[in-house]
Amino acid sequence: MNLKNLFIAAIAIVTMSFISAGSLTRAERKYAIDLMQQTRQDLLKKISGLTEEQLNFKADTSSWSVAECVEHLAISESNLFGLTEMALKEPADPSKRSEVKMSDEAFVKLIADRSTKRKTNEALQPAGKFGSFEGVVQEFKSKRDNHIKYIQTTSDDLRNHYYDFPFGKADAYQTVLLIAAHTTRHTEQIEEIMKHPDFPKKGK
């Protein structure tokens, strides 16, 4: 190998090392993709075959229906990914890694946990913006597919950019996991609605 080719090869190795240093590991990428796909599947399976009456049933006037829960998730897919985008706008700072106190698994568990109820931001409130329930489901599926593709292909340094939540600092990778965990949270809410004694039975 001549000197010129040796120099080019050295530059290529350094560049590839630089790119991979901030990229997700194979295990991290798989964990996020699996979580995104599984929570998508769980939600769609739960709402499959529900009648219009079932979709719109409310336990009381202050509660959401199944349809409203799904619309909230469709809206949230884009809005929550905005947290990742906000985190990535700030300079990467490996020195702040020690400020991220929760493991990925603990973070997902915290977000999914329904034992603590939280008031939804007004921007995420269901308001019939997609025209029909079919439109809501299509919006959710389309956005989720985009986010899965992002995780499959991104080389963004998701571990060294951060977002400050009221409960502590998370990295940008965890803000992506939040989207999936948030789906689990509301899929469980849908299960609670469907277990209500007055929830309509099929064929009635």
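Structure: see above.
Parameters at a glance
Residues numbered from 1 in each chain as written. Predicted model: local features only at pLDDT ≥ 70, side-chain atom pairs only at ≥ 80, totals over all residues. Heavy atoms only, no water. Pairing = 2+ DSSP bridges. Helix = DSSP H or I, 4+ residues; strand = E, 2+ residues; numbered from the N terminus. Core = buried A, V, L, I, M, F, W, Y, C linked by side-chain atoms within 4.5 Å. Buried < 20%, exposed > 50% of the residue type's maximum accessible area, 1.4 Å probe, protein only. Contact = heavy atoms within 4.5 Å. Axes fitted to C-alpha atoms, helices over the stretch in contact; angles between N-to-C directions. Left-handed = near helix turned anticlockwise from the far one by under 90°. Nonpolar A, V, L, I, M, F, W, Y, C, P; charged D, E, K, R; others polar. Salt bridge = Lys/Arg side-chain N within 4 Å of Asp/Glu carboxyl O. Phe/Tyr/Trp six-rings, centres within 6.5 Å; stacked < 30°, edge-to-face > 60°.

**Q** Looking at this structure, how should I read the pairing of strand β1 (residues 162–165)?
**A** Regular strands place their side chains on alternate faces of the sheet. Strand direction decides the pairing type here: β1 and strand β2 (residues 168–171), joined by 4 bridges, are antiparallel. Across the sheet, the residue bridging to Y163 is A170, located in β2. Two successive antiparallel strands, β1 and β2, enclose a turn made up of 2 residues.

**Q** I tried to follow the nonpolar core on my own but got confused; where do I start?
**A** A general tendency of soluble globular proteins is for nonpolar side chains to be buried together. Ranked by size, the top nonpolar core spans 26 residues in total, and within it I151 and L158 carry the most contacts. Only α2 (26–47), α4 (66–89), α5 (104–112), α6 (133–153) and α7 (172–194) provide two or more residues apiece to this core. Sorting elements by how many residues they give to this core places α7 first, with 8 residues. Non-local contacts of I151, meaning those with residues more than four positions away in its chain, are made with L24, R29, A32, I33, L158 and V176. With 19 residues, the next largest nonpolar core counts W64, V66, F133 and F199 among its residues.

**Q** Explanation requested: the packing of α6 against α7 in the structure shown.
**A** Think of two packed helices as two axes; the pair is described by the angle between the axes and how far apart they sit. Contact pair α6 / α7: the axes reach a minimum separation of 11 Å and the direction vectors enclose 145°. For the pair α6 and α7, the crossing hand works out as left-handed. Along the contact surface, α6 presents F140, R144, H147 and I151, while α7 presents V176, I179, A180 and T183. Its residues assigned to classes, the contact of α6 with α7 shows 5 nonpolar, 2 polar and 1 charged.

**Q** Would you explain the environment of S142 in this entry?
**A** In this fold, S142 is placed in helix α6. Taking the relative accessible area as the measure of exposure, S142 reaches 30% and is therefore partly exposed. In the structure, S142 is positioned 65 residues away from E77 in sequence and 9.5 Å away in space, judged by C-alpha atoms.

**Q** What should I look at first to understand the environment of M194 in this one?
**A** For M194, the location among the structural elements is in helix α7. Remark: the alpha-carbon pair of M194 and I47, spanning 147 residues in sequence, is separated by 9.9 Å. In contact with M194, other than residues within four places in its own chain, are K46, L50, V66 and F199.

**Q** Explanation requested: the pattern of salt bridges in the structure shown.
**A** Close approach of charged atoms lets side chains of opposite charge pair. Under the definition given, this model contains 13 salt bridges. The salt bridge involving R159 is made with D104; its shortest N-O contact spans 2.6 Å. Of this pair, R159 sits in the loop between α6 and β1 while D104 is found in helix α5, placing the two residues 55 residues apart along the sequence. D104 matches R159 in its accessibility class, with the two residues each being buried. Members of the salt-bridge network, linked through shared partners, are E28, R97, D104, R159 and D171.

**Q** Explain the packing of aromatic side chains to me, please; I cannot follow it from the model alone.
**A** Centre distance and the angle of the planes are the two values used to describe a pair of aromatic rings. Summed over all chains, the structure comprises 6 aromatic pairs. Considering the side-chain rings of F57 and F199, the 5.7 Å spacing of their centres and the 90° angle between planes classify their relative orientation as edge-to-face. One end of the pair, F57, is in the loop between α3 (52–55) and α4; the other, F199, is in the segment after α7, and 142 residues separate them in sequence. The two residues F57 and F199 agree in class, both being buried. A centroid spacing of 5.2 Å and a plane angle of 80° characterise the contact between F81 and Y150, whose relative ring orientation is edge-to-face. A residue pair is termed long-range when its members are at least 10 positions apart, and F81 in helix α4 and Y150 in helix α6 qualify at 69 residues. Here the two residues F81 and Y150 agree in accessibility, since each one is buried. An aromatic cluster is built from F107, Y163, F165 and F167, whose rings are joined through pairwise contacts.

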